[in-house]
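The chain contents come next:
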Protein chains: 2
Amino acid sequence: MESVLARYRDLTVARLLSDIPKSGEDDLYDLVRAYPSRSGKGLRPALCLAVCQALGGDVEKAIGSAVALELTHNAFLILDDVQDGSQMRRGLPTLSAEHGLGVAVNVGNATNLLALQHLMANRWTLGPNLAWTVLQESALMMRHSLEGQAIEVAWIRNNTCDLIDDDYYRMCMKKSSWYTCIYPCRVGVIVAEGKREATARFDRYGCYLGAAFQIQDDLLNLTGHYSRYGKEISGDLWEGKRTLVLIEYLRRCTTAQRKQMERFLGKARAERTEAEVQWVRDELLASVCVDTVRARARALADEAHAEALKVFNDYPDSDDKQFLLDLPFYMVERDS
Amino acid sequence: MESVLARYRDLTVARLLSDIPKSGEDDLYDLVRAYPSRSGKGLRPALCLAVCQALGGDVEKAIGSAVALELTHNAFLILDDVQDGSQMRRGLPTLSAEHGLGVAVNVGNATNLLALQHLMANRWTLGPNLAWTVLQESALMMRHSLEGQAIEVAWIRNNTCDLIDDDYYRMCMKKSSWYTCIYPCRVGVIVAEGKREATARFDRYGCYLGAAFQIQDDLLNLTGHYSRYGKEISGDLWEGKRTLVLIEYLRRCTTAQRKQMERFLGKARAERTEAEVQWVRDELLASVCVDTVRARARALADEAHAEALKVFNDYPDSDDKQFLLDLPFYMVERDS
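Because the structure is predicted, anything quoted here is derived from the model rather than measured. (Residues numbered from 1 in each chain as written. Chains lettered and ligands numbered in written order. Predicted model: local features only at pLDDT ≥ 70, side-chain atom pairs only at ≥ 80, totals over all residues. Heavy atoms only, no water.)

S.K.: How do you make sense of the overall build of chain A when you look at a structure like this?
M.R.: Along the backbone of chain A there are 16 helices and two strands. In terms of overall size, chain A behaves like a compact globule, its C-alpha atoms giving a radius of gyration of 20 Å where 336 residues would be expected to give roughly 20 Å. Each of the three principal axes of chain A carries a C-alpha extent, and together these read 60 × 55 × 30 Å. Per-residue burial for chain A yields a buried fraction of 60% across its 336 residues. Contacts spanning at least 24 positions in sequence make up 74% of the contacts within chain A whose residues lie at least 6 apart. Taking the average place of the 41 positive charges on the side chains of chain A and the average place of its 47 negative ones, the gap between the two points comes to 2 Å. (Helix = DSSP H or I, 4+ residues; strand = E, 2+ residues; numbered from the N terminus. Rg over C-alpha atoms; globule rule 2.2 N^0.38 Å. Buried < 20%, exposed > 50% of the residue type's maximum accessible area, 1.4 Å probe, protein only. Contact = heavy atoms within 4.5 Å. Lys, Arg positive; Asp, Glu negative; His and termini not counted. Charge placed at Lys NZ, Arg CZ, Asp CG, Glu CD.)

S.K.: Please clarify how the relation of the copies chain A and chain B should be interpreted in this entry.
M.R.: Both copies of the chain are related by a screw-like operation: a rotation about an axis and a shift along it. Mapping chain A onto chain B leaves a residual RMSD of 0.0 Å; the transformation is a rotation of 180 degrees accompanied by 0.0 Å of translation along its axis. Taken together, these values place the two copies in the relation of a two-fold axis. (Least-squares fit on C-alpha atoms with pLDDT ≥ 70 in both.)

S.K.: Can you help me understand the nonpolar core in this one?
M.R.: A general trend in soluble globular proteins is that nonpolar side chains are found buried together. With 193 residues, the main nonpolar core has A:Y205 and B:Y205 as its most contacted residues. Residues contacting B:Y205, with those up to four places away along its chain left out, are B:L47, B:C185, B:A304, B:E307, B:A308, B:L324, B:L327 and B:P328. Counting residues in hydrophobic clusters, the runner-up holds 34 residues, among them B:Y168, B:L222, B:Y249 and B:C289. (Core = buried A, V, L, I, M, F, W, Y, C linked by side-chain atoms within 4.5 Å.)

S.K.: What should I look at first to understand helix α6 (residues 128–157) of chain B in this one?
M.R.: The periodicity of an α-helix, 3.6 residues per turn, causes residues three or four positions apart to be oriented the same way. All names here are of chain B. Compared with the 44 Å implied by 1.5 Å per residue over 30 residues, the 43 Å span of α6 between its first and last C-alpha is a close match. Counting buried residues along α6, 22 of its 30 residues qualify, which places the element largely inside the surrounding structure. N159 sits one or two residues past α6 and shows a positive phi near 50 degrees. (Expected span 1.5 Å × (residues − 1).)

S.K.: Would you mind showing me how to read the side chain of A:K321 here?
M.R.: In this fold, A:K321 is placed in helix α16 (residues 319–333). Setting aside anything within four residues of it in sequence, one finds A:K321 in contact with A:A54, A:F312, A:Y315 and A:P316.

S.K.: Just checking my understanding: could you explain the packing of helix α5 (residues 59–84) of chain A against helix α5 (residues 95–126) of chain B for this structure?
M.R.: If you want to describe how two helices pack, look at the angle between their axes and the distance between the axes. Interaxial distance between α5(A) and α5(B) falls to 7 Å at its minimum, and their mutual angle equals 150 degrees. The hand of the α5(A)/α5(B) crossing is right-handed. Residues A:L79, A:V82 and A:Q83 of α5(A) form the contact with α5(B), whose participating residues are B:L101, B:G102, B:V105, B:N106 and B:N109. Grouping the amino acids of the contact of α5(A) with α5(B) by side-chain chemistry returns four nonpolar, four polar and no charged. (Axes fitted to C-alpha atoms, helices over the stretch in contact; angles between N-to-C directions. Left-handed = near helix turned anticlockwise from the far one by under 90°. Nonpolar A, V, L, I, M, F, W, Y, C, P; charged D, E, K, R; others polar.)

S.K.: Would you mind going over the packing of helix α15 (residues 289–311) of chain A against α16(A) with me for this structure?
M.R.: Residues and elements named next belong to chain A. Relative to each other, α15 and α16 sit at 170 degrees, their axes nearing to 8 Å. Put simply, α15 runs roughly antiparallel to α16. Within the contact between the two elements, α15 uses A297, R298, A301, D302, A304, H305, A308 and L309 and α16 uses L324, L325, P328, F329, V332 and E333. Residues belonging to the contact of α15 with α16 are distributed by class as follows: 10 nonpolar, one polar and three charged. (Parallel < 35°, antiparallel > 145°, perpendicular 65-115°, else oblique.)

S.K.: Sorry if this is basic, but what is going on with the interface of chain A and chain B here?
M.R.: Interfaces are often described in size by the accessible area the parts lose on coming together. Every contact between the two is made by 40 residues of chain A and, on the other side, 40 residues of chain B. For the pairing of chain A and chain B, the buried interface totals around 3,900 Å² over both sides, and the portion due to carbon and sulfur atoms is 65%. It is A:M120, A:W132 and A:L146 in chain A that bury the most area against chain B; as a group they hold 18% of the surface buried on that side. Across the contact surface, chain A and chain B share zero salt bridges. Remark: the boundary between chain A and chain B carries eight residue pairs in polar contact (both at pLDDT 80 or more). Sort the elements by how many residues they give to the side of chain A that touches chain B and helix α7 (residues 128–157) of chain A lands first, with 16 residues. By residue class, the composition of the side of chain A that touches chain B is 22 nonpolar, 10 polar and eight charged. (Buried area = accessible area lost by both parts, 1.4 Å probe. Salt bridge = Lys/Arg side-chain N within 4 Å of Asp/Glu carboxyl O. Polar contact = N/O pair within 3.5 Å; in protein donor to acceptor, adjacent residues only side chain to side chain.)

S.K.: Even after reading the chapter, I still don't get the packing of aromatic side chains, so can you show me in this structure?
M.R.: Describing an aromatic ring pair means giving the distance of the ring centres and the angle of the ring planes. According to the stated counting rule, one finds 11 aromatic pairs over all chains in the structure shown. Plain terms: the ring middles of B:F76 and B:Y179 are 4.6 Å apart, the flat faces sit at 75 degrees to each other, and that makes the pair edge-to-face. Linking B:F76 in helix α4 (residues 59–84) with B:Y179 in helix α7 (residues 165–193), this pair joins segments that are 103 residues apart in sequence. Using a relative accessible area of 8% as the deciding quantity, one classes B:Y179 as buried. An aromatic cluster of three or more residues is present, and its members are A:F202, A:Y205, A:F312 and A:Y315. It is B:R272 that lies over the ring of B:F264; its NZ or CZ is 4.9 Å from the centre. (Phe/Tyr/Trp six-rings, centres within 6.5 Å; stacked < 30°, edge-to-face > 60°. Lys NZ or Arg CZ within 6 Å of the ring centre and 35° of its normal.)

Geometric values such as these leave the question of function open.
Below, the structure written as C-alpha cells:
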C-alpha cells in the first residue's frame, strides 16, 4: 500500500520539479519548488494514476494531469497558509512566514498557472477533445473547492454555532472530497477510457474517502504529534474551524460550556489566547466526541471500501486495484 | 474618446455582472461583484473590443474574452491589495481591509476561476481551435504578469537601488503592458480575423501604450488627488516600489540624499513612518524628476500613436480606429 503510494508520488514529484522553469533575477520559480519538494504524501496523484492503471489505462498519459493536480494542491496550501496566517507547513516555515505575503501570493499564482499549462499540454498526449474534458473537470473541481472554502470561512466569520453533521459533510465534500478524491478518480477514468462517459461511477467512493480523509486530518490537528504532522497542532482551534468534533461537542455539552465555547468562537483569531485554546482542546479531548468522530471516520472508510468492491468487481486483480481497496483504511489510520 | 471607452466598459461590466452565479449561504459571489461594480475605467476590455471592431470583427464574438480579461484584472487587484496590505480601492475599502485575508484570497481565486470559465465558453462562440488559441494567449499573458510582479517584489525585498530605466521598462512590459495592452490587442486581432497568424502586429503599440499607462499611474500615485484616484496617495512610497521617478532621483541625487533614501528603502513597510514617507515625497516632488518622467510618458504616447498610424494605415476610418489613435494621449492626460 505505502509502496504504491510512494512510487506514484515520486513519479509525479520528479516530473513536476523537472518541468518548472528556471528562475531569473527573482526567485519566483525556485520558490514554486519549495512546497512540492517537502515530502507530502502525494495522495491525489496516486489516486488518479492508480485508477487509470487499474482500469487498464496508460499511466504515462495521466501523468500530466497528476502533476497539474499536485500543483493545484500546492497552490491551495500556499494560499491557505496566507489566509490562515499559518507558520509551519510540512515541518518547515510557510512561504508567507518566511518570505512575506507578497511573495507567497505570487508563488501561489505561479503554481496555479503551471497547473493550467500542464492541463493545456494534455492536448498533445490526449488530443484536443479529451484535454478539453479534463480541463472542464478541473474548472468544476476548482469551483467546488472554492465554494466549500467559502462556506467554511463564512461559518467562522458569522460565528455559526448551530451546525449539524450534514452541514459539515456538505462543506467537506466541496472543500476536500472533490479535489482530493472525486476529481482524481474522474480524471483517471477519463484518461484510461478515452471518453467522457461514465466518469462519475467513482463519485461515491471518492465522497466517502474524502470525508474519511478530512475527518482524520481534523483529528490529527487536534491530537497528533507535531513531528509527524508538520503543521501547528491545534491550528484549527486558533482559526475557529467547525470540525465534526466541535459540532459534536456543541450538541452534547452543557449550557454553560456552550456559552463559553461560543464566546471563544466569537472572537477574532488575534484575540484568542494560548490559555483559551488550551481550554478548548482539553474540553474536546475530555469529552467522548473524539472517539465518536473517530468511529464515524472508520464507518466512512468501510463505506468507501464497499463502494470500491462494487465498482471494481469487473476488473482483474492488480496492485492498483488492491491499493484503491486499501486506501480508505490508510486514510483513517495514518498519523501524518 | 471617453464615450467609446464608457460604451465598451458598460457593455463588458453588464455582461460580467449578469454572468456571476448567485451566492448561497456564504457571500462568495456577492463579493466577486464588489470590485467590478466600483467604477473602473474599463481600459482593457475597451482596447480588446475596439481592436476587434476596427479590424471589421464582431464585438459580440469578443465580449466573452473581454469579460474574462476584466475579471482577471479584478482578481489581480484583489490579490494585489492582499499582498500590499492596501486599505482603499476605487474610493472604497479593499476586500481584505473589510472582510479579512481569508475572504479576499477566496474571492480573488473565484474571480480568476470565472475568467477561466468565460475563456472556456469561447468554445461555443469561437469554435474549439480559436478558443484554444485565446486560452494559450491568456496563459502567456498570466506568465508575463506574474514574472513582472515577481521582479518588482524582488527589487523591494532585496532593496535593489542600482536600477536603470531599461530595468524599469522590462519589468513594466511584463507586469503591466502585457495584460493591459498587448494581450487585449492580440485577442482583438485573433477574434476579428479568426486565425492565429499575425497577431503580434500591435505588440509595439501595446508596449509603448502600456509603459505610458503605468508611468502615469505611478505619477498619479505620487501627485494625484485621492478623490479622483481612489487609492491611497503615496501607497507606492509606503511599499518602496521602484518607479521611474525614484530611479531617476537615485541617479541625480547627492551622496547624502542617496544614503538617506537607501536607508528608507531598506526598511520593511511596517517600519516606515508617516514623516519618512512625507520626506521621500517632498524630495521627489522638489526634484526635476517628476517633470522628466512626465515628458518620458508623453514621448511614449507619441510613439504609441505613431505605431497605431502605421498598423491602421490599411483600415478604413472609424470611431474605433480613432479611439485607438487617441488612446495614448488619454493614457498620459488622465487624472484617475
